[in-house]
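Fold and geometry: a report
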Amino acid sequence: MLEGKFALVTGCTRGIGRAIVETFARNGANILANGRTEGSLDDLCTGLAKEHGITAEPVYFDVSDPAAVKSGFQKILKITKQLDVAVNNAGVLDNNLLGMVNPKTVQEVFAINAFGTIYVMQYAARLMMKQKQGSIINLSSIVGINGNEGQVVYSGSKAAIVGITRSASKELAPANIRVNAIAPGFIDTDMVRTLSEEKFQERMDSIKMRRIGTPEEIADCALFLASDQSRYVTGQIIGVDGGMLI
Amino acid sequence: MENTEKLRQVFAESLEIDKNKVVDSLEYNSIPEWDSVAHMSLVAAIDSAFDIMLDTDDVIDMSSFGEAKKILAKYDVEF
């Protein structure tokens, strides 16, 4: 579904990001894999390139640092002048009640989850404008739409993604660049393993499909949004949550 | 001189205006063709033509054709 396309995925060392690059690569996309830690994606890229006969290059930068994002895109330009898909997946979780939130955490969570998405979109959109087409996929969350106790900061940063996505979709539609977001529910990643047993069960009980989601199920939605199958879909926030209620 | 012509061509093609209209005093938002949406396409076209990546501050500061030349000079484009 993505043969010949170039896709940048941020935060793909593990979890949802990793599942997205693997799914994209399996579907023929050339991969630009982003992570923060130098060297952490070298083996993954080598393996994907070998297994799927694609180009897969690691691009290391911190999405929360505007200068680093620019420098990351300069590296991307040395690899390819073409960018068809950008997935803003890099994110951090914070579980703290309002009274326990400290300013440093607020800054950090918003810097990565929300501001980083804007910085990456700015440069991605410029590359996509040259070719008058592209798909930007942002990762929001079910808590960004409904809110959740103990997640004022995290859900706030993910709610920001909804506004960012809808606004950017309106700006970029004339250039045939689509911007959508995925709002995952309870997904089996390292992030959920930080929850207490009680909280984990509480979340499981709120899912109508009675099971936790997998990173691959988020990746399949990202594949749809990245592909031409969704060529007339923009400004949407797609819940992938098994009927979870919060 | 060569780069001035190259930049003028980029402006004309990107904004879809006659090349003769592209003079130093041509300002952002002074003509309907150079609005905020067109500005982003123009920036993308300049990036591509000169193989650079403009800083966001420079994108914001690029308020005229004359200013664009000054900004590009910072990226070692000679005029």
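Scroll up to find the structure this text is about.
Our subject in this report is the structure included herewith. (Residues numbered from 1 in each chain as written. Chains lettered and ligands numbered in written order. Predicted model: local features only at pLDDT ≥ 70, side-chain atom pairs only at ≥ 80, totals over all residues.)

Next up on the list: the overall build of chain A. In terms of regular secondary structure, chain A is built from 8 helices and 7 strands. In terms of overall dimensions, chain A is globule-like: its C-alpha atoms have a radius of gyration of 17 Å, near the 18 Å expected for 246 residues. C-alpha atoms of chain A, sized along the principal axes, occupy 45 × 35 × 35 Å. For chain A, the proportion of its 246 residues judged to be buried stands at 47%. Considering only residue pairs separated by 6 or more positions, chain A has 73% of its internal contacts joining residues 24 or more positions apart. (Helix = DSSP H or I, 4+ residues; strand = E, 2+ residues; numbered from the N terminus. Rg over C-alpha atoms; globule rule 2.2 N^0.38 Å. Buried ≥ 20, exposed ≤ 12 C-beta atoms within 10 Å, placed from the backbone. Contact = placed C-beta atoms within 7 Å.)

A word on the nonpolar core. Residue and element names in this part refer to chain A. Counting 87 residues, the largest nonpolar core has A7, I20, F24, I31, A33, A124 and A222 as the members making the most contacts within it. Per-element tally for this core: the top contributor is helix 4 (residues 103-131), with 13 residues. Excluding anything up to four places from it in sequence, A7 contacts L2, F24, A29, I31, L32, D84, V85, V87 and A226. (Core = buried A, V, L, I, M, F, W, Y, C linked by C-beta atoms within 7 Å.)

We now examine unusual backbone geometry. Not every positive phi belongs to a glycine, and A:K132 is a case in point at roughly 55°. In this fold, A:K132 is placed in the loop between helix 4 and strand 5 (134-139). Even without a glycine there, the phi angle at B:N29 is positive, about 70°. Turning to its location among the elements, B:N29 is positioned in the loop between helix 1 (2-15) and helix 2 (36-50).

Okay, the sheet that holds strand 3 (residues 56-60) of chain A next. Residue and element names in this part refer to chain A. Spatially, the 7 strands line up as an open sheet ordered 3-2-1-4-5-6-7, and their pairing is parallel. Among the strands making up the open sheet, the edge pair consists of strand 3 and strand 7 (237-240). Across the sheet, the mean angle from the axis of one strand to that of its neighbour is 20°, orientation sign disregarded. Where strand 1 (residues 6-9) lies against strand 2 (residues 30-35), 4 bridges are found, and the strand directions are parallel. Across the sheet, residue A7 finds its bridge partner in strand 2, namely I31. Sheet strands in contact with helix 4 are strand 1, strand 4 (85-88), strand 5 and strand 6 (177-184), and its direction is about 180° off that of strand 4. (Pairing = 2+ DSSP bridges. Axes fitted to C-alpha atoms, helices over the stretch in contact; angles between N-to-C directions.)

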